[in-house]
Structure formats: C-alpha cells, structure tokens
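These are the residues of each chain, in order.
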Amino acid sequence: MMLNIALLSGLLTISSPILGENPTPPLSHIFDNFLSIEGMIKTPSGDPVSYANVQVKGTVKGSFTDFNGKFQLFNLEDGTYDLLISAVGFKSLSQTVSVTQGESIKLEITFEETGVEMPQFSLVANRDRIFSKVPGSVSFLDKNEIKSLKPISGNEVLRRMPGVHVVDEEGVGMRVNIGIRGLDPDRSRSVLVLEDGVPVALAPYGEPEMYYSPAIDRMAGIEVLKGSGQILYGPQTIGGVVNYITPNPPKEQEGSVRIQGGQGGFYSGLVNYGNTFGNTGFQVNLLRKVAQNLGPTEFNITDFNTKFLFSLNEKSELGLKLGVYNELSNSTYIGINQVMYDRGGEDFTRLAPDDRLDVSRYSASLTHLYRFNPNVKLRTIAFGYTTTRNWSRQDFSINQTNTAPANWTGVVWGDRSIPGGAIFMRNSTGNRDRQFRVGGIEPRLEVNHQLFQRKNDLVTGVRYLEEVAFEQRINGTKAGVRSGNLIEDEQRSGRAISAYFQNTTEISNSVSVNAGLRWENFDYERDIFRRNFSGKGIRDTVLVSSSNVSELIPGVGFNFKPLASLNLFGGVHKGFAPPRTKDAITATGDALDLEAEKSWNYELGLRSAPTPWMFLEATAFLMNFSNQIIPVSESSGGVGFGVVNAGATRHQGLEGSINFDVSHLLNSKNWNIFYDVNITYVNAFFNADRFINEININGFRTPYAPEWLINSSLGIESNGGFAAKLTVNYVGAQFGDELNTVIPSVNGLIGEIPSYFVVDAVMNYKIIPWNAAFNLSIKNLTDERYISTRRPQGIRVGLPRFITAGFEINF
C-alpha cells in the first residue's frame, strides 16, 4: 500500500507515527494500551530528527519520530530491550533500556551525522523525509514493503500507490505500462521513469518508451511524485515521476542470498553484498531470473549492478554506478482474438512460437557532491547508457473473408467459420532492430538562504542531454529467421537543454510556499537512408528533416499545517511532453505541425494522523489538456505512424488512502496487525468536439482509463517470526478505443475490458537465529480469469493462480 513516507516503514515494523507537538493521546484508557517508552531524538545542534526509525530488537514493536523528533512505544512486557535507531543521513545507534510495568521511560537521544552520503538524485527520499515540505502528492515504498509482497513483477508494487494504473502485458513486468490519473499506460510514455535520478527510457525525449524496465527484485525503494515538484525533472511533467531506488553501499558488511522458484520453470536468484573499507564503500548485486512457461512467456534475464562510494574529503563524495542487463524472451505483439477467449482453454497459446526479443543495456553514471558550506551544496551527475532492442516477430494476416495469404504456413488460429475470426500465420518475419545511445550531464545547486528574513530552500540546475536512435526493418522470407531484406534504415537524433529552479519559503512554522520554473528545449532530426516508397518499391534515399520544440513550464505549491497532526497541500503546474520524433517527422521526411503534449495540472489534498493508530491521505486532482497525444504506435494497437494530436481532454478525480495499526487497538503485545486501503476515482474524457467515423467523441472516456482503482492489504506479524499478508486489487471497467465500443470486435482489439478482482497471499517464517526466512507466495489466489489488455495486437489474459516458494538468508 502506498504510505506516507513518515508512516511506511512504521506499518511494516509495525507501528504508527505520531505527528505534531501535542500528539493525540494514546487512548490507553479506552484500549488499555500502556505507554512503555517515549523519547526525543535530536541532532548535535539540538534540532529534532523527524521520521527516524525506532525498532525494538527481537520484537515486532517499532515507531517513527514525528515532526518534532518525538516517538512512543506501547505495551512492552517487563524486561531489558535494545532499541535500534536509524535515519537517513545519520549514523545508526542502539540503546539498552529496562522496562518496568507501571513506569514510562523517557529518553533523549542525540544522533551523529554520517557526513558521507551517496551523491545521487532522489525525489523525496532525502534525509528528513518530511512530507510537509513536499510540494504536492507523493508516494514512497521501501524495501521492506517490496519484500513483503514477494513480487514476480514490479507492477504488483506500483499498484500499491494511489492513482497508478499498471497494465500487465506478458505477466512479469519486463515492459512496464504505467498510467497515472487516467493517462494512457502504453509503454509508460506519459510518465517520467528514473533509476537513482537517471532516465531509463530508450530515448527520454524522442522515444520515451519502456522496453527495458528496472527489475523490482534488486530495488531498495520506489518513489512517485505527482505534484508541482515534477518541474525539477523532465522532460515529461504530465502524469508523474517514478524513481526506482537501488541500495547504496552500507557502512558495514551486509549481504544476502535470495532464491524464489515456482510453476512453469520460474526461478529468481539474487545475490547481494556490500561493505566499506576506509574511505571506499561498494555494493554489488547479481540477479538471474528465468521461466519456461510463465503464462505465455519464456524468458532468461541476467542483471548485474554495482555502486561505489568514495569519500574524497570532508566536503565531497564521489559515486560510481555500473549496470549490465541482458534479456532474451519470447515476447510478442500478437494476442488471442475474441473467438479464442470466448471459447476458453487457449488463453496462453503461443501463436507465434518463434518470436524473440533481445534486450541488452549497458549503463554508467558518475555522481559528485561538494559542500561549499553547511548551506550550499553542488550535486552533479553525468550518465550514459546504450540499449539494444532487437525484436523478431512472425507476420500474420486477419481479414473479414478469412482468406489465407499467399505465404501462409498452414497454421491458423481462431475460427474460419466466423468472419474475421481466423488468424493466418505467414511464412515471413519482420525483424525490428533498434539501438539507442543516451548521454547527459546535470549539475544541481542546493542553497539554504534567508531571503526576506525567512528560511528558504533553493534548488536550481541545468541539464544537457544527447540521444541517438538507429532503426532497421529487415524482412525475413521465412518464419523465425533473423536475416533477410533490408526494408527500412534510419537514424534519429536529438539534443536537449533544460534549466530549472524551485524555491521553497517558510512563511511561518506552519506555512510554506514554493515556486519554480523549468525550460525545455529539444532539437531533433530524422535521417532516412532506405524505405519503401509507394508505387516505386524499396529504394536507398537521403531524406533529412529537423524540427524543434521549446517550452516554459511553471509550477507553484503550498503546504499548510493548521494542526499538529494535519497537513494541507496544493499546487498547480504546467504539464509538458515533447512529441516522438518519428511522429513529428514522417517517413517521407516531412516535419508535421505536431504539437507537444500540454496540460495544466491542479491538486489539493491533506495528510493526517488523527490518532497513533491511523493515518489518512486524500488528494483531489484536475488535469486539463489543451492537446493530449493518444498513441498510434504498434504497441498501442495502432498503425505505428500518423498525426496523433487528440485535442482537449480532462482528467479529474480523487485518490485517497487510509492505514490502521490494528494491533494498537487490540492491545496486542506479541502480534502486529495492520490494514490499509487506497482508492482512486478518475473521470478522464474528451472535452472538445472531435469526430471519428462521423461520431463526435466529446464527452467519451479516454482509452485505458478505468474509473475505479482499489488496492488493499491485511498483514500480521508475530514476535516468533511468522508473518502473512493478503493483498487485493480491483480494476474497474475500461474501454479499448476512443469510441468507447462495448461489444468486442472479433479480432479482440477493441471492446470493453471488464472489471476484475485479484487476490494475492504471502506467508513468511523468519528463523531468527539464522537470520533467514522461508516464504510461500500465491498470486491470483482465486484463479480469476480476466482480460488485462487488448494491446498490442490482441487479447492478453492475466496470469492464472501462480505459486512460488523461496528462501532468504542475510549476513
């Protein structure tokens, strides 16, 4: 479940944070809870440390410090305990306390700053993690929550965040499709996806598509920012920013081995180790993930990553990160048609068994942090990566008369007695080979200053980025071959410069405002060397065309804390996303008048912890698009090219979450019980006249924008090491096309996608003396059969019941 950063790990450890100078009374007179320990955690200068983690070793008891550095622990039996206290940016410490029933212990603890930090970019997971300073809606999940889900796909984790709609394509999230607040999820084009602050997409400006997705297995956390704070990042500032966080080098030796296996030959193994020697720390992990028959999917993934942290002197640190990713899978575009789905028993038929996708990615980033003085920091990141995405897909034919093509292999799927109900497999292959190179550098200055005698935090920076894409289409004359005739050959390149600033001013102890501005400028070019000309055949050519897009992106926001346990926030910012280069410049070299995607985004919300056992958050949002781009790429079921200005759309709704520490209510001493639920309502529709097939779609819902999203979980954890978690996910009905067609087409590409409800269960047993644990995970417990998507080219059915078991040991 998405949780307030301040609350998240508290529910996992489990407890609730207490906010404000005068936290809500523990209600012990009602629920018979006894306050065992209370305390305050400060810095050496006397400032409170907010949201430090306080854990009672050997128990499930724990808490977070509130905004004023205070914490409380309830219902500890008589005895001696070790408190483990940690916070980002400080040295962890432990303190021994003795508890005697009837007496409350009061502590005052002083942290020592580490002085050394990994100089990477993050959205909100900074040292204090104070939500009351974040301009807008934000979500954060840490490694404990991720591990508790035992996910086989990162999609399971992202669904725990309000407002986020994730569409399964092959069942394991290798190509993540994220839509936020009703935006089209196809290849996550409307979302800026980062890993440790570095862009992940194939080409962040010209082709922002997620054919590579960071493996959730190796992540230490995920953060999602949806408010006006997006203007510090870019180029996309429309739906939100998703940042995957990888583990940093530890201060002391840490290591783990994690193994998970299940049906269909599924296996996942992760080895992780880190340590610090002198002024140098490192962290390295290796992931192997394979399956022979996970639904329709077969894959083999190797993912290696390492980080180094060099403490150069008391003022600066240098970070180095290297990554190598290789994937071979049978991913395909073709899905079953409506005839096969209605008939049943063919959900995971491999229609094109020779289809192959090879993805390889090599990445490197160098980060540097320099402290001029306690109030001024310069954080710089230089990065580069290459991605190769070679996809071999067998050709097929569908027509209303069910006429077999001349090069038919003899294989047909579906039903030839129904017009358009047959899929004829051709004896030919389309090899779509693409290579991408991306590099950039971004210095960012962070300044604490006293403008107008008020506390101010200024973040300002610039970024230069270059990207190049090489694309070839090679048609094979037989099914399953990787060579053949070169049909298309081109290169797309772009150079982007962006600059930004955002300043936050504390008007008073309870009110802060922020204002910022981003400038994006993107010059792009398309060079076509070979293509198929209508009526003239395939020819070598020299077609070169270029264009430019430039935009100012403002944003403002506020935070207001009228009560110690209540935070109100709001903001407005401009949404922007540049058009894809291959959409803005045609295959004949014509530069179209294709506008950037633009919107004005508004939100107003609140966060509150009215009691020590409850936290709630709610956000109302509105996104007004002057021009939303509805994708016509092949991955979205389109023709892959064409003018895609979709005109005005409007996205409005409400998202909220509520979390309960039930064990506090039940006065439980040996068990933690927690429950959470998040609900999103979205009304996304076209709000201007636009005609398709002489039908005005003004007022029609936008595709792949379910009206309701609900995610909830119930978890228990005992002092003896047993834990269990039940997670449910509901996705409302959605349409597969702009005409909101309800009755499905025979080919399965359009029609309503009915709502579905999926239940996952996880059980875990921790062997405390070994520092190890066994787990059993059941995905889709009720074996729900449902359509997850009608894209790219046919129906994809959600994974059936899937059982895995695993073991983990830490050292």
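Residues numbered from 1 in each chain as written. Predicted model: local features only at pLDDT ≥ 70, side-chain atom pairs only at ≥ 80, totals over all residues. Heavy atoms only, no water.

### Here we look at the sheet that holds strand β1 (residues 35-42)
A sheet is described by the order of its strands in space; here three strands give the open sequence β4-β1-β7, paired in mixed fashion. Each edge of the sheet is formed by a strand with only one pairing partner; in this case those strands are β4 (70-74) and β7 (105-110). On average, each strand axis in the sheet is tilted by 20° relative to the strand beside it, whichever way the strands run. With five bridges connecting them, β1 and β4 associate as antiparallel partners. (Pairing = 2+ DSSP bridges. Helix = DSSP H or I, 4+ residues; strand = E, 2+ residues; numbered from the N terminus. Axes fitted to C-alpha atoms, helices over the stretch in contact; angles between N-to-C directions.)

### Digging into the packing of aromatic side chains
Considering all chains together, one arrives at 17 aromatic pairs under this definition. Each ring, one from Y212 and one from Y325, has its centre 4.8 Å from the other, and the planes form 75°; the classification is edge-to-face. You can see Y212 sitting in the loop between β12 (198-199) and β13 (221-225) and its partner Y325 sitting in strand β19 (residues 316-329), a full 113 residues away along the chain. Exposure remark for Y325: the relative accessible area of 4% places this residue in the buried category. On the numbers, 6.5 Å between centres and 65° between planes, the contact of W671 with F722 is edge-to-face. Of this pair, W671 sits in strand β32 (residues 671-686) while F722 sits in strand β36 (residues 722-731), placing them 51 residues apart in sequence. Assessed through its relative accessible area of 37%, W671 is described here as partly exposed. Overall, the relative accessible area of 29% leaves F722 in the partly exposed class. Among the aromatic residues, those joined into a cluster by ring pairs are Y273, F277, F282 and F811. Here the guanidinium or amino end of R393 rests over the ring plane of Y333, the centre of that ring lying 3.6 Å away. Here the guanidinium or amino end of R393 rests over the ring plane of W391, the centre of that ring lying 4.8 Å away. (Phe/Tyr/Trp six-rings, centres within 6.5 Å; stacked < 30°, edge-to-face > 60°. Buried < 20%, exposed > 50% of the residue type's maximum accessible area, 1.4 Å probe, protein only. Lys NZ or Arg CZ within 6 Å of the ring centre and 35° of its normal.)

### Thoughts on the pairing of β1
Counting buried positions along β1 gives six out of eight residues, so the element sits mostly inside the fold. Note that β1 and β7 share six bridges and pair parallel. Bridged to I41 within β7 is I109.

### Examining the pattern of salt bridges
Under the defined criterion, the tally for this structure stands at 45 salt bridges. Between R791 and D184 there is a salt bridge, and its shortest N-O distance comes to 2.7 Å. With a gap of 607 residues between them, R791 in the loop between β41 (787-789) and β42 (796-797) and D184 in the loop between β10 (177-180) and β11 (191-195) connect regions that are remote in the sequence. With its nearest N and O atoms 3.5 Å apart, the salt bridge here joins R607 to E617. You can see R607 sitting in strand β29 (residues 597-611) and its partner E617 sitting in strand β30 (residues 614-627), a full ten residues away along the chain. Classification of E617 by relative accessible area gives buried; the value is 5%. Salt bridges here are not isolated pairs; linked through shared partners, they connect E207, R434, E471, E490, R492, R526 and K582. (Salt bridge = Lys/Arg side-chain N within 4 Å of Asp/Glu carboxyl O.)

### Observations concerning the nonpolar core
Counting 43 residues, the largest nonpolar core has L158, I178, I222, V242, L294 and F299 as the members making the most contacts within it. Ignoring anything within four residues of it in the chain, the contact list for V242 reads L158, I178, V191, L192, V193, L194, I222, E223 and V224. Judged by nonpolar contacts, the second largest core, of 19 residues, contains V56, I85, A87 and V99. (Core = buried A, V, L, I, M, F, W, Y, C linked by side-chain atoms within 4.5 Å. Contact = heavy atoms within 4.5 Å.)

### Focus: the confidence of the model for the chain
When pLDDT drops low, the exact placement of atoms in the prediction is not to be read closely. On average, the chain scores 88 in pLDDT, and the residues at 70 or more come to 90%. Across residues 1-31, confidence stays below pLDDT 50; counting only partners more than four residues off in sequence or on other chains, it has 118 contacts. Counted against residues more than four places away or in other chains, residues 125-130, with its pLDDT under 50, gives 19 contacts. (pLDDT = per-residue confidence, 0-100.)

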